[in-house]
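# Observations on chain architecture
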Amino acid sequence: MIAAFWAAQLVFLWQDAQIGVTAGFAVSLVLMTLIGGRVTPAFSRNWLKKRGATRLPPEFGTVDKSALILTVATALLWIATDTSMLTGISAALAALAQALRLSRWRGLGVLKEPLLFAQHAAYAWLMIGLGLLAATSLGGWASSDQTHHALGAGAIGTMTAIVMLRALLGHSGRPIEATRADTLLFIVLHLGAALRVCAGWVDDPTPLYHAGGLFWAVAMIALALRAFPIAIAPRL
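In short, a report on the structure. This one's a predicted model, so the numbers in the text were calculated from it and none came from an experiment.

### Comments concerning the packing of helix α5 (residues 114-139) against helix α7 (residues 180-198)
Their axes nearest at 11 Å, the elements α5 and α7 cross at an angle of 5°. As the angle between them shows, α5 and α7 are arranged roughly parallel. Packed against α5, whose contacting residues are Pro-114, Leu-115, Ala-118, Ala-121, Ala-122, Trp-125 and Leu-132, the element α7 presents Asp-182, Thr-183, Phe-186, His-190, Ala-193, Ala-194 and Val-197 at the interface. By residue class, the composition of the contact of α5 with α7 is 11 nonpolar, 2 polar and 1 charged.

Okay, structure coming up:
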């Protein structure tokens, strides 16, 4: 996957910028499906087990394989044919498969632990991004910019932030539990991404551009301020 990113960057710089950008987002989509699809149900299962829950996220199975295969197919078609009808059909099927996959992970069951629920919310952006890609390809109901921002500001931004914070707390010997500030941070981060995506559907998108960018940037700055003191302090 890292080599694929490297190849996408070379294409962007020296061959075709549009194909390079598409390839970069496509590789990110597959990578997040792989990694997010492993850690989110696993962490949720462990958390629910400790609390005596009987309904747990299922092990990797047919639904997961279908979502992964359809997402990889969509990524390849997106690179090869851009926003063609084939890409749209594949993206629509992949979005449905991702939605079904996410629904089986007991997201509402972990709602009391924001740092765990945030992983489910981050993964949901993959479904949204695929849905927007389908809407762009099949009927022009959305734009490529909206797809890019859903996968970029939405999925990449929120998934990276939550995994970084969880890892930082865990490896520093601190409990992986959210403060109220953490919860607010992720709400603002998601809101910033959502505003930027929605800007594509209004006549004058400028206010939503500014609001989305401001919210997203403030949330990332807050994450840095939260993380830095922990990162330089001794392990508890």
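Now that the structure has been shown, we can carry on.
### As for the packing of aromatic side chains
If you walk through the whole model with that rule in mind, you get 1 aromatic pair. A ring pair is formed by Trp-105 and Tyr-123, whose centres lie 4.8 Å apart and whose planes are at 65°; its orientation type is edge-to-face. Taken together, the residues Trp-105 in the loop between α4 (85-103) and α5 and Tyr-123 in helix α5 connect sequence positions 18 residues apart. Judged by its relative accessible area of 1%, Trp-105 falls in the buried class. The exposure class assigned to Tyr-123 is buried, which follows from its relative accessible area of 1%.

### Re the pattern of salt bridges
One pass over the full model with this rule turns up 4 salt bridges. A salt bridge links Arg-45 to Glu-59; its shortest N-O distance comes to 3.8 Å. Of this pair, Arg-45 sits in helix α2 (residues 17-50) while Glu-59 sits in the loop between α2 and α3 (62-81), placing them 14 residues apart in sequence. Residues participating in the shared-partner salt-bridge network are Asp-64, Arg-101 and Arg-104.

### Let's talk about the nonpolar core
Among the nonpolar cores identified, the biggest contains 30 residues, and Trp-78, Tyr-123, Trp-125, Leu-126, Leu-130, Leu-151 and Met-159 are the most heavily contacted of them. Elements with a contribution of two residues or more to this core: α2, α3, α4, α5, α6 (144-171) and α7. Top contributing element to this core by residue count: α5, with 10 residues. When sequence neighbours within four positions are dropped, the list of residues in contact with Leu-151 reads Phe-25, Leu-29, Met-32, Trp-78, Trp-125, Leu-126, Gly-129 and Ile-156. Leu-115, Ile-162, Leu-169 and Ala-219 belong to the second-largest nonpolar core, a separate cluster that totals 12 residues.

### Thoughts on a nonpolar patch on the surface
On the surface, a cluster of nonpolar side chains totalling about 670 Å² of accessible area is made up of Met-85, Ile-89, Leu-93, Leu-96, Leu-138 and Trp-141. Per-element tally for the nonpolar patch: the top contributor is α4, with 4 residues.

### Regarding helix α8 (residues 206-232)
End to end, α8 covers 39 Å across 27 residues, agreeing with the expected 39 Å (1.5 Å per residue, within 8%). Those residues of α8 lying buried are Gly-212, Ala-219, Leu-223, Ala-227 and Ile-230.

Calculation notes
Each chain carries its own residue numbering, running from 1 in the written order of its sequence. The predicted origin of the model limits local features to residues at a pLDDT of at least 70 and limits the giving and counting of side-chain atom pairs to 80 or more, whereas totals for whole chains, interfaces and linings rest on all residues. Note: side-chain values were computed over all heavy atoms of the structure, leaving out hydrogens and water. Between the N-to-C directions of two axes lies an angle of 0 to 180 degrees, each axis being a line fitted to C-alpha atoms and, for a helix, fitted only over the stretch in contact. Think of it this way: any DSSP run of H or I at least four residues long counts as a helix, any run of E at least two long counts as a strand, and we number them from the N terminus. Here the angle decides the label: under 35 degrees means roughly parallel, over 145 means roughly antiparallel, 65 to 115 means roughly perpendicular, and every other value means oblique. Every residue pair with non-hydrogen atoms within 4.5 Å of one another is taken to be in contact. As a working rule, the residues Ala, Val, Leu, Ile, Met, Phe, Trp, Tyr, Cys and Pro are called nonpolar, Asp, Glu, Lys and Arg charged, and the rest polar, with Gly in that last group. We call Phe, Tyr and Trp rings a pair once their centres come within 6.5 Å, taking the six-membered ring for Trp, and we label the pair stacked below 30 degrees between planes, edge-to-face above 60, and tilted otherwise. Throughout this description, buried means an accessible area under 20% of the type-specific maximum (1.4 Å probe, protein chains only), exposed means over 50%, and partly exposed covers the range between. Only one rule defines a salt bridge in this text: a Lys or Arg side-chain nitrogen within 4 Å of an Asp or Glu carboxyl oxygen. Working definition of a nonpolar core: buried Ala, Val, Leu, Ile, Met, Phe, Trp, Tyr and Cys residues. They are joined through side-chain atoms within 4.5 Å. A residue counts toward a patch only above 30% relative accessible area and without a salt bridge, and it is joined to like-charged neighbours within 9 Å or, for Val, Leu, Ile, Met, Phe, Trp and Tyr, to nonpolar neighbours within 5 Å. Only the protein chains shown count as cover for residues, and all accessible areas are computed by the Shrake-Rupley method using a 1.4 Å probe. Working rule for helices: expected span equals 1.5 Å times residues minus one.

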